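Summary of structural features
So the chains spell out like this:
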Amino acid sequence: MLSVVHLSNNDIIGGASRAAYRIHRCIEDNKNDYLVNSSMKVIKKYSCDPTVTCLNNNSYLWKRLQPRISRFIKSNFETTNKSAHNIAYPNTGLLKEINNNQSFKKITHLHWLGDNTISIEEVGKLKGPIFWTLHDQWPFCGAEHYTHPPINKNGLQINDFRYRQNYSSKSRVFDENGFDLNRWTWERKKRSWTKPINIVATSSWLFECVKKSSLMKNWPIHLIPYPINTKNWKPINKLHAKNILGIDPNKKVVLFGAIGGTKDTRKGSHILEEALNILRDSYYENFEYGIKILVFGEASNKENINNSPVDFLGSFSDDLSLRVVYSAADVMVVPSIQEAFGQTASEAHACATPVAAFNIGGLIDIVSHEETGYLAEPYDPKSLAFGIKWILEDEERNKKLSSQARLKAEKYWDSRIIAKKYVEAYHSALSIH
């Protein structure tokens, strides 16, 4: 029987980790049908799942030294790119445990690694076959998990394609100073990863990025979206959901959610604020009486965003609470300026909630324009405001969008469908390994 071991920084905290855990579970839950066993190894475990175990790095000295070494190396690097920067250095000493009992029928499947899961050099020494699901751009970039946003909060445009250009000194963007951390990290990847890894892109956008990258363009690549268990993730009656949250059933609910809520500029909350202003000033005379704005992922003492009343719901650790929130919404807004996939959008679709988003990144794969939601012109708050209005203004249209969103989730992202795609990819790699 085929055996798969997933390697991730943790199991359920953060979008990438939740996605990695879902991939593991979708394979394990269908193991009898596809003759495969799946397990997961992490640095930090937060779930109670017995199929998830912690890697045994109990070295107190290493845990003390690694963060200090990382901070020291990064200390002379300056950038306006707010994305996480990880160097995965030095070695963790976990290579032997990960490679232990490796055999022909055992797959090591990498996910989001961060700074301290396993080093770049250790990745290069993993026994194959190896798979790597991309949750962002870090594997084919330098230290950055995302390149500079194409447009920042001040409207400044930066074209950052160093991952296509071997991170040459000439390709360095103008807003970086000091030690070239990204080039140093990329060069270590280039030296260490001499054997191709089976790459899984979760969206067409990531797939194209990989094919254009100077590091991975000739490696085997598969396009497999994130799974979602549509038996568990399903809509709750909208009136009941609104009642649970204490919301007037006559109000239209606009939902926004992200890890960190409005604090992560990559998630586009600043553009959402502009769109809400336009929505209030141009489309709804009695905005505060007819619209309810909900934000999850952030607990805040603020009572409004740009004079628009908001309920900040905080973070949720259980899927049922999120299902209630999604089901209560008449529209989910995902105004991200960079998005590898868009897991909140697929979760909303599973709960029969249409989505307004920008026509960028992984969201293009999720939202079918004017069928399951609305794809606005990138970074344009006026276009986003119109999309929100378009979804809300016609009740029959909203119901149709909701129904089609649910059908798309069942057709493309159901756990059983995604498990089959992964198992087929594993066997394909084994046949040529």
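Let us look at the structure shown here.

On to the pattern of salt bridges. Under the definition given, this model contains 22 salt bridges. We note a salt bridge from Glu347 to Arg22, for which the minimum N-O separation is 2.8 Å. Separated by 325 residues along the polypeptide, Glu347 in helix α12 (residues 343-350) and Arg22 in helix α1 (residues 15-28) bring together distant segments of the chain. One salt-bridge network, in which partners are shared between bridges, spans Arg18, Arg22, Asp319 and Glu347.

Summed over all chains, the structure comprises 14 aromatic pairs. For the ring pair Trp132 and Trp138, a centre distance of 6.2 Å and an interplane angle of 55° mean the geometry is tilted. A relative accessible area of 1% means that Trp132 is categorised as buried. Assessed through its relative accessible area of 4%, Trp138 is described here as buried. Over the aromatic face of Phe161 sits the side chain of Arg164, whose NZ or CZ is 4.1 Å from the ring centroid. Sitting above the plane of the Trp138 ring, Lys189 keeps its charged end 3.7 Å from the centroid.

Helical geometry note: an α-helix holds 3.6 residues per turn, so side chains three or four residues apart project in the same direction. An ideal rise of 1.5 Å per residue puts 26 Å on 18 residues; helix α15 (residues 395-412) measures up with 26 Å between its terminal C-alpha atoms. Looking at α15, one finds that the buried residues are Asn398, Leu401, Ser402, Ala405, Arg406, Lys408 and Ala409. Buried residues of α15 fall within an arc of 160° about the axis and therefore sit on the same side. Opposite the packed face of α15, turned more than 90 degrees from it, sit the exposed residues Glu396, Lys400 and Lys411. In this structure, the buried side of α15 is in contact with α12, α13 (363-366), β16 (373-376) and α14 (381-393). Where α15 begins, one side-chain oxygen reaches toward the backbone nitrogen of Glu396, 3.0 Å away; that side chain belongs to Asp394.

Turning to the pairing of strand β8 (residues 198-201), a few remarks are in order. Neither face of β8 is open: one carries Asn198 and Val200, the other Ile199 and Ala201, and all of them are buried. Sheet analysis places strand β6 (residues 130-133) next to β8, joined by three bridges and oriented parallel. Within the sheet, the bridge partner assigned to Trp132 lies in β8 and is Ile199. In this view, the connection linking β8 to its parallel neighbour strand β9 (residues 221-223) by way of helix α7 (residues 204-212) has right-handed handedness.

Quick look at the sheet that holds β8 now. As summarised here, the arrangement of the seven strands in space is β3-β2-β1-β5-β6-β8-β9, forming an open sheet in which the pairing is parallel. Among the strands making up the open sheet, the edge pair consists of β3 (52-54) and β9. Between one strand axis and the next, the sheet turns through 25° on average, direction left out of account. Summarising the sheet, β8 and β9 pair through three bridges and their orientation is parallel. Within β9, the position partnered with Ile199 by the bridge is Ile221. Its contacts with the sheet put α1 on β1 (2-10), β2 (36-44), β3 and β6, and the angle it makes with β2 is roughly 155°.

When a strand is regular, its side chains alternate between the sheet's two faces. In terms of burial, strand β11 (residues 291-296) is a largely internal element, five of the six residues being buried. Of the strand pairs in this sheet, strand β10 (residues 252-257) and β11 are connected by six bridges, and their pairing is parallel. The residue of β11 that forms the bridge with Leu255 is Leu294.

Quick look at α14 now. Given a rise of 1.5 Å per residue, 13 residues ought to cover 18 Å, and the 18 Å separating the end C-alpha atoms of α14 matches this to within 8%. Among the 13 residues in α14, 10 count as buried, and that is most of the element. Put simply, Asp380 is the residue that caps the front of α14, since its side-chain oxygen is 3.0 Å from the backbone nitrogen of Lys382.

Our next topic: the nonpolar core. Ranked by size, the top nonpolar core spans 77 residues in total, and within it Tyr326 and Ile388 carry the most contacts. If you tally residues by element for this core, the top one is helix α16 (residues 415-432), at eight residues. Setting aside residues up to four positions removed in sequence, Ile388 forms contacts with Val254, Leu279, Val331, Val333 and Ala356.

For the rest of this paragraph, the subject is the environment of Pro378. Checked against the element boundaries, Pro378 lands in the loop between β16 and α14. Considering only alpha carbons, one finds Pro378 and Ile360, 18 residues apart in sequence, at a separation of 6.6 Å. Ignoring sequence-local partners within four residues, the contact set of Pro378 consists of Phe358, Asn359 and Ile360.

Criteria and thresholds
- Position labels on residues start from 1 in each chain and follow its written sequence.
- Note on the predicted model: pLDDT of at least 70 is required for a residue's local features to be given, and 80 or more for side-chain atom pairs to be given and counted; whole-chain, interface and lining totals, by contrast, use all residues.
- Hydrogens and water are ignored here; the side-chain numbers use all heavy atoms of the structure.
- We count a salt bridge whenever a side-chain nitrogen from Lys or Arg sits within 4 Å of a carboxyl oxygen from Asp or Glu.
- Secondary structure elements are defined from DSSP: runs of H or I of at least 4 residues count as helices, runs of E of at least 2 residues count as strands, and each element is numbered from the N terminus.
- Between rings of Phe, Tyr and Trp, where Trp is taken as its six-membered ring, a pair exists when centres lie within 6.5 Å; planes separated by under 30 degrees are stacked, by over 60 edge-to-face, and by other angles tilted.
- A 1.4 Å probe rolled over the protein chains alone gives each residue an accessible area, and that area as a share of the maximum for its type sets the label: buried under 20%, exposed over 50%, partly exposed in between.
- We call a charge positioned above a ring when the Lys NZ or Arg CZ atom is no farther than 6 Å from the ring centre and deviates by at most 35 degrees from the ring normal.
- Expected span of a helix: the number of residues minus one, times 1.5 Å.
- Directions drawn from the helix axis to the C-beta atoms are what define this arc.
- The contact definition used throughout considers only heavy atoms, calling two residues in contact when any of these lie within 4.5 Å.
- We call two N or O atoms a polar contact when they sit within 3.5 Å, provided that within protein one can donate a hydrogen and the other can accept it, with sequence-adjacent residues counted only if both atoms are side-chain atoms.
- In this description, strands pair whenever DSSP reports at least two bridges between them.
- Here is how to tell: hold the view so the strands point away, follow the path from the first strand over the helix to the second, and if it runs clockwise the crossover is right-handed.
- Lines fitted to C-alpha atoms define the axes, with helix axes restricted to the stretch in contact, and inter-axis angles between N-to-C directions lie between 0 and 180 degrees.
- Definition of nonpolar core: a set of buried residues of the types Ala, Val, Leu, Ile, Met, Phe, Trp, Tyr and Cys, connected through side-chain atoms within 4.5 Å.

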